[in-house]
Amino acid sequence: KPASNTINMETKTIVQTASIADEEKMIKYIQHHDNIWPEVKSGLKKAGILNLHIYRVPNTLQLIMIIEVEYNLDLDQALGEGSDYRTCPIAQKWEEMMDDDFHGGWKRTDKIHSSDNW
């Protein structure tokens, strides 16, 4: 029997990529993400983000973001323009800073292989 606080739900993983312009900006980007503003953290959780990880491809300026959400969550609706998340002025300022100063926005990837079907 699962513990009473165990959440049993189907999830999906969304993978996105972005590039940073240069190493100096990469260092600043990492520093910002070492100190994410509390309103951004709570807003992402409230919007339905279960887990979010950002990786850097070694020796490049390429980033990979892996997001886990409930299966039926529409990420664009949850985090896009007009969402509750974007109506928070602090979260909006964070997202604009990331897009304008660092990577210009994330690009969604397409899954081309999965071991789920082996």
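Quick look at the structure, then.

Calculation rules
- Residues numbered from 1 in each chain as written.
- Predicted model: local features only at pLDDT ≥ 70, side-chain atom pairs only at ≥ 80, totals over all residues.
- Heavy atoms only, no water.
- Buried < 20%, exposed > 50% of the residue type's maximum accessible area, 1.4 Å probe, protein only.
- Phe/Tyr/Trp six-rings, centres within 6.5 Å; stacked < 30°, edge-to-face > 60°.
- Helix = DSSP H or I, 4+ residues; strand = E, 2+ residues; numbered from the N terminus.
- Salt bridge = Lys/Arg side-chain N within 4 Å of Asp/Glu carboxyl O.
- Core = buried A, V, L, I, M, F, W, Y, C linked by side-chain atoms within 4.5 Å.
- Contact = heavy atoms within 4.5 Å.

## Topic: unusual backbone geometry
Here is step 1 of the chain: Backbone geometry places Asn-59, a non-glycine residue, at a positive phi of 60°.
Here is step 2 of the chain: Overall, the relative accessible area of 81% leaves Asn-59 in the exposed class.

## Side note on the packing of aromatic side chains
Here is step 1 of the chain: The tally for this structure, following the rule as stated, stands at two aromatic pairs.
Here is step 2 of the chain: Judged by centre distance (5.6 Å) and plane angle (65°), the ring pair of Tyr-29 and Phe-102 falls under edge-to-face. Residue Tyr-29 is located in helix α1 (residues 23-33), and its partner Phe-102 is located in helix α5 (residues 89-103); the two are separated by 73 residues in the primary sequence.
Here is step 3 of the chain: According to the relative accessible area criterion, Phe-102 is buried, its value standing at 9%.
Here is step 4 of the chain: A centroid spacing of 5.0 Å and a plane angle of 70° characterise the contact between Trp-37 and Trp-94, whose relative ring orientation is edge-to-face.

## Notes on the pattern of salt bridges
Here is step 1 of the chain: Evaluation of the coordinates by the stated rule reveals four salt bridges.
Here is step 2 of the chain: The partner of Glu-24 in a salt bridge is Lys-28, with the nearest N and O atoms 3.6 Å apart. Linking Glu-24 with Lys-28, this pair stays in helix α1, spanning four residues, or about one helical turn.
Here is step 3 of the chain: Among the residues examined, Glu-24 registers a relative accessible area of 55% and is labelled exposed.
Here is step 4 of the chain: Notably, a salt bridge pairs Arg-86 with Glu-81, separated by 3.5 Å at the nearest N-O pair.

## Observations regarding the nonpolar core
Here is step 1 of the chain: Within the largest apolar cluster, 22 residues are counted, with the highest numbers of intra-cluster contacts made by Ile-49, Ile-67, Val-69, Leu-75, Leu-79 and Tyr-85.
Here is step 2 of the chain: Considering each element in turn, this core owes the most residues, five residues, to α5.
Here is step 3 of the chain: In contact with Ile-49, other than residues within four places in its own chain, are Leu-44, Ile-67, Glu-68, Val-69, Leu-75 and Leu-79.

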